[in-house]
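A closer look at the structure
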Amino acid sequence: MSRTTKSHRFQTVLALDCHFMPMVEMSRRKALKALATGRAHALDLRTWSKLGLQEVASQPLHAVVFAKVKAVSEAKLGFGRGTASILRRDGHRCQYVGCTRRATTVDHVIPRCQGGPSVWGNLVACCRECNARKGGRTPEQAGMELKAGIRSRRALLMDRFLAMAKAGGTL
Ligand SMILES: [Zn+2]
């Protein structure tokens, strides 16, 4: 799970909006392209100031700021909210306690029929059996428990951003 063990070469770059809110992770190549075309500028995490293009070349790139972009909605963050992306996020494992089956479906934790939204935080990877057993009930109503708290994509990105900022870009 640790993101800090990756080498800089493969490390992704955090894209921030005009309020420095993390939006998405992007490849270094994409980030450099955004810098080169003037759509974004690199952020020096020690001083919170703008990094010049020459400086970027000589150090790891952690975050770029899209100064003209305002925060996007949760649904558009990260990998999106399609079935494939939820399954990928949860490692294709059923997220209910006691189940070791491979997940092939996506379950609404708070079911749609009870007003549960189709957002990142309310969707988990689930096997067919558990999905059928749970039906239109909440985990509590069905006597089922989720393996781990599902954190929102923005919360995860924010964690990473704060850890980077704390380390002053030395991660
Ligand atoms: Zn299951």
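The shown structure was predicted, so the numbers you read here are calculated from the model rather than taken from an experiment. (Residues numbered from 1 in each chain as written. Predicted model: local features only at pLDDT ≥ 70, side-chain atom pairs only at ≥ 80, totals over all residues.)

Once that is clear, we can look at the overall build of the chain. In terms of regular secondary structure, the chain is built from six helices and seven strands. Counted from the first residue to the last, the chain has its helices and strands arranged as β-β-α-β-β-α-β-α-β-β-α-α-α. By the burial criterion, 25% of the 171 residues in the chain qualify as buried. Put simply, 61% of the contacts in the chain that link residues at least 6 apart link residues at least 24 apart. (Helix = DSSP H or I, 4+ residues; strand = E, 2+ residues; numbered from the N terminus. Buried ≥ 20, exposed ≤ 12 C-beta atoms within 10 Å, placed from the backbone. Contact = placed C-beta atoms within 7 Å.)

The next point concerns the nonpolar core. Counting 18 residues, the largest nonpolar core has Val13, Ala15, Leu16, Leu43, Ala63 and Val64 as the members making the most contacts within it. Those elements that place two or more of their residues in this core are β1 (13–16), β2 (22–26), β3 (41–44), β5 (63–65) and α6 (153–166). No other element matches β1, which puts four residues into this core. Each residue touching Val64, except ones within four places of it in the same chain, is listed here: Val13, Ala15, Leu16, Ala31, Ala34, Leu35, Ala40, His41, Ala42 and Leu43. (Core = buried A, V, L, I, M, F, W, Y, C linked by C-beta atoms within 7 Å.)

Across the sheet, which stays open at both edges, the five strands sit in the order β2-β1-β5-β3-β4 with mixed pairing between neighbours. Two strands bound the open sheet, and with one partner strand each, they are β2 and β4 (49–51). Geometrically, the sheet is characterised by an average inter-axis angle of 40° between neighbouring strands, direction not taken into account. Here β3 pairs with β5 via two bridges, running antiparallel. (Pairing = 2+ DSSP bridges. Axes fitted to C-alpha atoms, helices over the stretch in contact; angles between N-to-C directions.)

Looking now at the confidence of the model for the chain. Averaged over every residue, the pLDDT of the chain is 80; residues scoring 70 or more account for 81%. When mean pLDDT is compared element by element in the chain, helix α4 (residues 128–134) scores highest at 97, while α6 scores lowest at 74. Confidence over residues 1–8 falls short of pLDDT 50; this stretch has four contacts with residues more than four positions distant or in other chains. (pLDDT = per-residue confidence, 0-100.)

Positioned with a positive phi, His92 is a non-glycine residue whose angle comes to about 60°. Structurally, the position occupied by His92 is in the loop between α3 (83–89) and β6 (105–108). The exposure class of His92 is partly exposed, given the 14 C-beta atoms found within 10 Å.

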